[in-house]
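# Examining the three-dimensional arrangement
Listed here are the chains, written in short residue letters.
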Amino acid sequence: QVQLVESGGGLVQPGGSLRLSCAASGSIFSINAMGWYRQAPGKQRELVAVQTSDGSTKYADSVKGRFTLSRDNAKNTKYLQMNSLKPEDTAVYYCNAVIAAYWRDSPSNYWGQGTQVTVSS
């Protein structure tokens, strides 16, 4: 069974930085896409950043220039570097990936458990 495990969340002051990690484990044949979403209290889940298998990356307007998505294929791990954090960035951040678990498998959409990011002075 494929699992996504997130880490790196925490409490930071405005202007600070955090680096989120998402490690994929289990039966993994290929990772076709990866991304990050977030959900703040009282709001619906929104896209933060996503990268497809061709290397194309898309960021939400609210995080452009501050957040950077990266990937370590050898470790099946993706990262979200968050700089110049603002109180409005406070939310639960969710790792997302489209994964084929075995040869000729139909790729499925997987989610991590979420990690809390709080930006406050």
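As the structure is a computational prediction, the values presented were derived from the model and not from experiment. (Residues numbered from 1 in each chain as written. Predicted model: local features only at pLDDT ≥ 70, side-chain atom pairs only at ≥ 80, totals over all residues. Heavy atoms only, no water.)

### Examining the confidence of the model for the chain
On average, residues of the chain carry a pLDDT of 93, and 100% of them reach 70 or more. Here strand E4 (residues 30–39) stands out as the element of the chain with the lowest mean pLDDT, 89, in contrast to strand E2 (residues 10–12), whose mean of 98 is the highest. (pLDDT = per-residue confidence, 0-100. Helix = DSSP H or I, 4+ residues; strand = E, 2+ residues; numbered from the N terminus.)

### As for the environment of Pro14
Position of Pro14 relative to the elements: it lies in the loop between E2 and strand E3 (18–25). Separated by 40 residues in sequence, Pro14 and Asp54 place their C-alpha atoms 34 Å apart. Pro14 has contacts with Leu85, Pro87, Val119, Ser120 and Ser121, leaving out every residue within four places of it along the chain. (Contact = heavy atoms within 4.5 Å.)

### Some points on the pattern of salt bridges
A full pass over the atoms with the stated rule returns 4 salt bridges. A salt bridge links Arg38 to Asp89; its shortest N-O distance comes to 3.0 Å. Of this pair, Arg38 sits in strand E4 while Asp89 sits in the loop between strand E8 (77–82) and strand E9 (91–100), and the two are 51 residues apart along the sequence. Like Asp89, Arg38 is buried. One continuous salt-bridge network, built from bridges that share partners, spans Arg38, Glu46, Arg66 and Asp89. (Salt bridge = Lys/Arg side-chain N within 4 Å of Asp/Glu carboxyl O. Buried < 20%, exposed > 50% of the residue type's maximum accessible area, 1.4 Å probe, protein only.)

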